[in-house]
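These are the residues of each chain, in order.
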Amino acid sequence: MKIVGLITEYNPFHNGHLYHIEEAKRVSGADTVIVVMSGDYVQRGTPAIMPKRLRAEMALKCGAGAVFELPVCYASGSAEYFAMGAVSLLDRLGVTDAVCFGSECNDLDSLWDIARILLDEPEAYKESLREALKNGQSYPAARKKAVSDYTGNERLASLLDDPNNILGIEYLKALRRLNSSMVPYTILRKGSHYHDSSINGRFSSASAIRSLLAYSSSSLRTDRSGGSFDDTPFSNILGVLEEQVPACCLELLKDCHKVLFPVYQNDFSLILKYKLLNKQPEDLTRYLDVSGELANRICSQLNNFFNYKQFCELLKTREITHARISRALLHIMLGIKTKNVQEYIDGGWHFYARLLGFRKDRVKLLSLLSEKSSLPVLTRLSESAVLPAPGRQMLRNDLLASNLYNSVVTDKFKTAFQNEYKQAVIKI
């Protein structure tokens, strides 16, 4: 059995993701797909618009053989942490032959060229990077300039403008660092650009679909503040989504609307503010992605906190990107500390592989995993007792993050709380 691994968020699942699954199998010659998916929080530092199990169910119904959860410390980390966490999990499962990712350029050789520069860091590249940072450029802008200066190839450096190219480069870096035998493939991202916020054709971006769902009920929508909004009937939104998501996903969206989703960053505003009110700058620097400068800025601006999203905008500077601030605040809220994450990395990045769901017609895959995986495959949380101390800490972080998310869902939609210990593996 040949297996290709996909690294995903599915926030939410749409036609482009179905295309990715089908094309990944085609280009790699794989028989089935293993997905490593972010849980209830995503890489840009925000909660997912809908819970992880709903998104995993969509993926399984659309052909994924099994879905594993990426631990929250990596799912909400920088592109480098996200990629290394996901690639190393696929590698340690022991059954993954290939990795396939979407990119804006569909040029694996060029992505490899940049990956090698960023890994090897030639002196001329480092000097250019230092100079750009000293002149006040953000790290992404400084890195692009340094690649351009070093290679003399502006077209190559321009690949760093696009988010899927950047993640692809990080996946390649991770493969090389791990000396992994997994073979990389890339496919052209189909349809809208990652950041496009409007519905366009059959392959609109997840950003556009999230924007559409934001208007599914003004009485529940906390994504924006101020102003008055007319309710958009959800039946109208479903009509638009018929062209954007697979039919099985549309049914799940219909059944779970105002039961499990939509969930937004601002739904967590009071939780975040409570955490921040209890901290001093020296406390905040213990958390992943929180520098001394950002910690001081957070504390000095706390009286101007209105909501989560607004506070991120307030803290943004030329040197600190919005995504970095979102991730830092999320790490504070979820208690993800730099010291603990370093322990995880030193211990081999992973201590378990948590299975969210699988297809019953791929049950042989589970037998293969139990035979070949160097990690225990967790299907029940009671199995976690055998984990080493850092692994138990990592799992506690994951459980707290999901229980917090589920608490927000149940409070918002007045539904019964489902503790992570009572959640079963999905079988399709």
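Check the entry above for the structure.
These numbers were taken from a predicted model, which means no experiment stands behind them.

Draft legend 1. Focus on the overall build of the protein. Helix and strand counts for the protein stand at 20 helices and eight strands. Since a compact globule built from 428 residues should have a radius of gyration of about 22 Å, the 21 Å found for the protein is in line with a globular shape. Along the first, second and third principal axes, the C-alpha set of the protein runs to 55 × 55 × 50 Å. Considering only residue pairs separated by 6 or more positions, the protein has 74% of its internal contacts joining residues 24 or more positions apart. Each charge class in the protein was averaged separately, 53 positive and 47 negative side chains, and the resulting centres sit 4 Å apart.

Draft legend 2. Main features of the layout of surface pockets. What the second largest pocket holds in volume is close to 280 Å³. Forming the walls of the second largest pocket are 17 residues, and the residues nearest its centre are Pro51, Leu260, Asn406, Gln418 and Gln423. For the lining of the second largest pocket, the elements supplying multiple residues, two or more each, are helix H2 (52–61) and helix H20 (389–413). Ranked by the residues each element gives to the lining of the second largest pocket, the list is headed by H2, at four residues. When grouped by side-chain class, the residues that make up the lining of the second largest pocket number seven nonpolar, five polar and five charged.

Draft legend 3. Just helix H1 (residues 15–28), in detail. Taking 1.5 Å per residue as the helical rise, H1 with its 14 residues ought to reach 20 Å, and the 20 Å between its terminal C-alpha atoms agrees with that figure. All of the buried residues along H1 are Asn15, Gly16, His17, His20, Ile21, Glu23, Ala24 and Ser28. Looking at the packing, one finds that the buried side of H1 touches strand S1 (3–8), strand S2 (32–38), H2, strand S4 (98–103) and strand S5 (183–188). Count one or two residues on from H1 and you reach Gly29, which has phi positive near 70°.

Draft legend 4. Quick look at the pairing of S1. Of all six residues making up S1, six are buried, and the element is well covered by its neighbours. Along S1, one buried face is formed by Ile3, Gly5 and Ile7 and the opposite face, lined by Val4, Leu6 and Thr8, is buried too. Pairing analysis gives six bridges linking S1 to S2, with the strands arranged parallel. Across the sheet, the residue bridging to Val4 is Val33, located in S2. On the question of chirality, the crossover connecting S1 to the parallel S2 by way of H1 is right-handed. Pairing of S1 with S4, which is carried by two bridges, proceeds in the parallel orientation. Paired with Val4 across the bridge in S4 is Ala98.

Draft legend 5. The nonpolar core, seen in detail. Among the nonpolar cores identified, the biggest contains 99 residues, and Tyr41, Leu276 and Leu329 are the most heavily contacted of them. When residues of this core are assigned to their parent elements, the largest contribution, nine residues, is made by H20. Setting aside anything within four residues of it in sequence, one finds Leu276 in contact with Leu284, Ile298, Leu302, Phe305, Phe311, Leu329 and Ile332. Grouped together as the second largest cluster of nonpolar side chains are 41 residues, Val33, Met50, Ile209 and Phe261 included.

Draft legend 6. Here's a closer look at the packing of helix H13 (residues 269–277) against helix H17 (residues 322–334). Axis separation between H13 and H17 bottoms out at 9 Å; the angle between their running directions is 75°. In terms of orientation, H13 and H17 fall into the roughly perpendicular class. Along the contact surface, H13 presents Ile271, Leu272, Lys275 and Leu276, while H17 presents Leu329, Ile332 and Met333.

Draft legend 7. Local environment of the environment of Arg318. Inspection of the secondary structure assignment puts Arg318 in the loop between helix H16 (308–315) and H17. Sequence separation between Arg318 and Ser138 is 180 residues; the distance between their C-alpha atoms is 6.5 Å. Dropping the residues within four chain positions of it, Arg318 is found in contact with Asn135, Gly136 and Ser138.

Quick notes on the rules
- Residues numbered from 1 in each chain as written.
- Predicted model: local features only at pLDDT ≥ 70, side-chain atom pairs only at ≥ 80, totals over all residues.
- Heavy atoms only, no water.
- Helix = DSSP H or I, 4+ residues; strand = E, 2+ residues; numbered from the N terminus.
- Rg over C-alpha atoms; globule rule 2.2 N^0.38 Å.
- Contact = heavy atoms within 4.5 Å.
- Lys, Arg positive; Asp, Glu negative; His and termini not counted.
- Charge placed at Lys NZ, Arg CZ, Asp CG, Glu CD.
- 1 Å grid on protein atoms, 1.4 Å probe; cavity = no way out; pocket = protein on both sides within 12 Å on 5 of 7 lines; lining within 4 Å.
- Points joined across faces, edges and corners; volume = space filled by probe spheres on them.
- Nonpolar A, V, L, I, M, F, W, Y, C, P; charged D, E, K, R; others polar.
- Expected span 1.5 Å × (residues − 1).
- Buried < 20%, exposed > 50% of the residue type's maximum accessible area, 1.4 Å probe, protein only.
- Pairing = 2+ DSSP bridges.
- Right-handed = clockwise from strand over helix to strand, strands pointing away.
- Core = buried A, V, L, I, M, F, W, Y, C linked by side-chain atoms within 4.5 Å.
- Axes fitted to C-alpha atoms, helices over the stretch in contact; angles between N-to-C directions.
- Parallel < 35°, antiparallel > 145°, perpendicular 65-115°, else oblique.

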